[in-house]
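# Results of the structural survey
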Amino acid sequence: MDYIKRIAITGGAGFIGSHLVRRMVQRYPQFLVVNLDKLTYAGNLENLSDLKDAPNYAFEKCDIQSLEAINAVFKRHRITDVIHLAAESHVDRSIDGPLEFVYTNVVGTVNLLEAARSAWADSFEGHVFHHVSTDEVYGSLGTDGFFTEHTPYDPRSPYSASKASSDHFVMAYFHTYGLPIKMSNCSNNYGSHHFPEKLIPLMINNILHEKPLPVYGDGSNVRDWLWVEDHAAAIDVIFQQGKLGESYNVGGLNEWSNLDLVHYLCDLMDRKLGKEEGSSRALIKFVKDRAGHDHRYAIDATKLTKDLGWKPSLRFEEGLDKTVDWYLSHPEWIENVTSGAYKAYYEKFYE
Ligand code: NAD
Ligand code: TYD
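Okay, so let's go over this structure.

Calculation notes
- Residues numbered from 1 in each chain as written.
- Chains lettered and ligands numbered in written order.
- Predicted model: local features only at pLDDT ≥ 70, side-chain atom pairs only at ≥ 80, totals over all residues.
- Heavy atoms only, no water.
- Core = buried A, V, L, I, M, F, W, Y, C linked by side-chain atoms within 4.5 Å.
- Buried < 20%, exposed > 50% of the residue type's maximum accessible area, 1.4 Å probe, protein only.
- Helix = DSSP H or I, 4+ residues; strand = E, 2+ residues; numbered from the N terminus.
- 1 Å grid on protein atoms, 1.4 Å probe; cavity = no way out; pocket = protein on both sides within 12 Å on 5 of 7 lines; lining within 4 Å.
- Points joined across faces, edges and corners; volume = space filled by probe spheres on them.
- Nonpolar A, V, L, I, M, F, W, Y, C, P; charged D, E, K, R; others polar.
- Patch = residues over 30% accessible without salt bridge, like charges linked within 9 Å, V, L, I, M, F, W, Y side chains within 5 Å.
- Areas by Shrake-Rupley, 256 points an atom, 1.4 Å probe, with all protein chains shown as cover.
- Salt bridge = Lys/Arg side-chain N within 4 Å of Asp/Glu carboxyl O.
- Phe/Tyr/Trp six-rings, centres within 6.5 Å; stacked < 30°, edge-to-face > 60°.
- Expected span 1.5 Å × (residues − 1).
- Arc of directions from axis to C-beta.
- Contact = heavy atoms within 4.5 Å.
- Pairing = 2+ DSSP bridges.
- Axes fitted to C-alpha atoms, helices over the stretch in contact; angles between N-to-C directions.
- Near = heavy atom within 4 Å.
- Polar contact = N/O pair within 3.5 Å; in protein donor to acceptor, adjacent residues only side chain to side chain.

## Let's talk about the nonpolar core
Ile200, Leu213, Leu261, Leu265, Phe316 and Leu320 are the most contacted members of the largest nonpolar core, which has 33 residues in total. The dominant element in this core, judged by the number of residues it contributes, is helix H8 (residues 258-273), at 7 residues. With 27 residues, the next largest nonpolar core counts Phe74, Leu112, Ala116 and Ile181 among its residues.

Spelled out as structure tokens, the structure:
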């Protein structure tokens, strides 16, 4: 079959990538989806085991740090479009070792831009390179205000600095070469298949195993949480209908302080696990704050809602309920991802 589009989704074996790959494969049989992923500790093909027989899905193990490897995938599949999610994504790891963030997030992104620029050199018409980024490039907010698409970049962690740098390269390729790019900057995601180094899955896993719940600083930092499938829906609409050369903010209008969120999760899991009220809250342990810890993120997604009609589909309480249920019914997934290397990571950072 000749497909209308042959889309490389990078980082498709990760948390957000796997939700996006599933959505695109299932909704658009007229598109070929090529999942291009290195399978680092964060990439897990088990996340997509339900798709292995789908005719419009292919997997390519590929490191975006190698331009040669990317070029080979572009050639093999005659890639027409890119949705780029592959990245080192955890702030704490970036503080511990920033260089891998530069190699993957900055150099890897420029490699992909170069691969697209040469593969589509005959004409850029009809192609799209959608770069998936984060609200963390905007820095940290005080108690009020929101990030809009016009907020100046002010990254403050090695992770956000590497993402900001990649965003600048993407925009530079639009202005310099006319490469047909689109970009989105999203707030914190949550949902199933989320690696338990991030706040919500880490807390769920620790509550389950009755381990201490490490809250950084005094727990007053605020994040704006969005259901991962709503992010995938936003990427889909921006990729297909967004304007070339523009960026779109994606967020849930759903701000929670870390401590309030951990309390909520403790109470929810006590009810679900039939535990005495307050027993999980007793596991909370305030630990040393993250270096350069951004105080608050909050997204104004008006442009995306007004121009493209996107809005979040789930209330946070419903989304958390579904998320906790997914973790409770997939102990083997948690077991697999937290064995081996995860144990060493956990000991290094928390014990
Ligand atoms: P993740 O860490 O769960 O997944 C990253 C994926 O990229 C993994 O499958 C990994 O194997 C792959 N990868 C890493 N290095 C690679 C390399 N050199 N070559 C090829 N593949 C490589 O990340 P996530 O949370 O799903 O985030 C996906 C994207 O969305 C990232 O670009 C991130 O910056 C952005 N983002 C994430 C959030 C969030 O809350 N998680 C919010 C906004 C934006
Ligand atoms: P995280 O999930 O790492 O996302 P990000 O730093 O990209 O926003 O962290 C979310 C918030 O939770 C952040 O303010 C740091 C805090 N946090 C803790 O308090 N304890 C933890 O163990 C982790 C992983 C995060």
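## Some thoughts on empty space enclosed by the protein
Considering all chains together, one arrives at 3 cavities of 30 Å³ or more under this definition. Reported here for the second largest cavity is a volume of approximately 40 Å³.

## Notes on the layout of surface pockets
Estimates place the volume of the largest pocket at around 270 Å³. Surrounding the largest pocket, Asp92, Ile95, Tyr216, Val287, Lys288, Asp289, Arg290, Ala291, Phe349 and Tyr350 form its lining. Broken down by secondary-structure element, the contributors of at least two residues to the lining of the largest pocket are helix H3 (91-96) and helix H12 (341-350). The volume enclosed by the second largest pocket comes to roughly 190 Å³. Lining the second largest pocket, in full, are Asn205, Asn206, His209, Lys211, Glu335, Thr338, Ser339, Tyr342, Lys343, Tyr346, Glu347 and Glu351. Of all elements in the fold, only helix H6 (199-208), helix H11 (331-338) and H12 reach the threshold of two or more residues within the lining of the second largest pocket. Ranked by residues supplied to the lining of the second largest pocket, first place goes to H12 with 4 residues. Counted by class, the lining of the second largest pocket contains 2 nonpolar, 5 polar and 5 charged residues.

## Considering a nonpolar patch on the surface
Together, Leu99, Val102, Tyr103 and Val107 make up a nonpolar patch on the protein surface, roughly 320 Å² of accessible area in all. Within the element layout of this structure, Val102 appears in helix H4 (residues 99-119). Since its relative accessible area comes to 34%, Val102 is described here as partly exposed.

## Description of the packing of aromatic side chains
Using the criterion set out here, one finds 17 aromatic pairs in the structure. Plain terms: the ring middles of Tyr28 and Phe31 are 5.2 Å apart, the flat faces sit at 35° to each other, and that makes the pair tilted. Relative accessible area serves as the criterion here: at 4%, Phe31 is assigned to the buried category. Here Tyr190 and Phe316 contribute two aromatic rings whose centre-to-centre distance is 4.9 Å and whose plane-to-plane angle is 90°, an arrangement assigned as edge-to-face. With Tyr190 in strand S7 (residues 188-190) and Phe316 in helix H10 (residues 316-329), this pair connects stretches of sequence that are 126 residues apart.

## As for the pattern of salt bridges
Any two side chains of opposite charge can pair if their charged atoms end up close together. Within the structure shown, the criterion is met by 20 salt bridges. In this structure, the salt-bridge partner of Asp2 is Arg78, at a minimum N-O distance of 4.0 Å. With Asp2 in the segment before strand S1 (5-10) and Arg78 in the loop between helix H2 (67-77) and strand S4 (81-84), this pair connects stretches of sequence that are 76 residues apart. Salt bridges sharing common partners tie together Asp2, Arg6 and Arg78.

## Quick notes on H10
Relative to the 20 Å expected for 14 residues at 1.5 Å per residue, H10 spans 20 Å between its end C-alpha atoms, a close match to the ideal helical length. All of the buried residues in H10 are Phe316, Gly319, Leu320, Thr323, Val324, Trp326 and Tyr327. Taken end-on, H10 shows its buried residues confined to a sector of 155°, consistent with a single buried face. On the buried face of H10, the contacting elements are S7, H6, strand S9 (222-227), strand S11 (255-257), H8 and H11.

## Quick look at the sheet that holds S9
Taken in spatial order, the 3 strands make up an open sheet running S7-S9-S11, and their pairing is mixed. Strands with a single pairing partner mark the edges of an open sheet, and in this sheet they are S7 and S11. Between one strand axis and the next, the sheet turns by 50° as a mean value, whatever way the strands run. Where S7 lies against S9, 3 bridges are found, and the strand directions are parallel. If you follow Asn188 over to S9, its bridge partner there is Trp225.

## Quick look at the site of ligand 1
Taken together, 28 residues sit near ligand 1, with Ile16, Asp37, Ser89, Tyr159 and Lys163 positioned nearest. Within the backbone of Leu85, an N or O atom sits 2.9 Å from an oxygen atom of ligand 1. At 2.7 Å from an oxygen atom of ligand 1 is found a side-chain nitrogen or oxygen belonging to Ser89. For ligand 1, the protein covers 97% of the area, taking 840 Å² as the surface of the free molecule. Breaking the shell around ligand 1 down by element, the ones donating at least two residues are helix H1 (15-27), strand S5 (128-134), helix H5 (158-177) and S7. By residue number, the principal contributor to the shell around ligand 1 is S5, which donates 3 residues. Looking at the shell around ligand 1, its residues break down into 13 nonpolar, 11 polar and 4 charged.

None of the figures reported here should be taken as evidence of function without further support.
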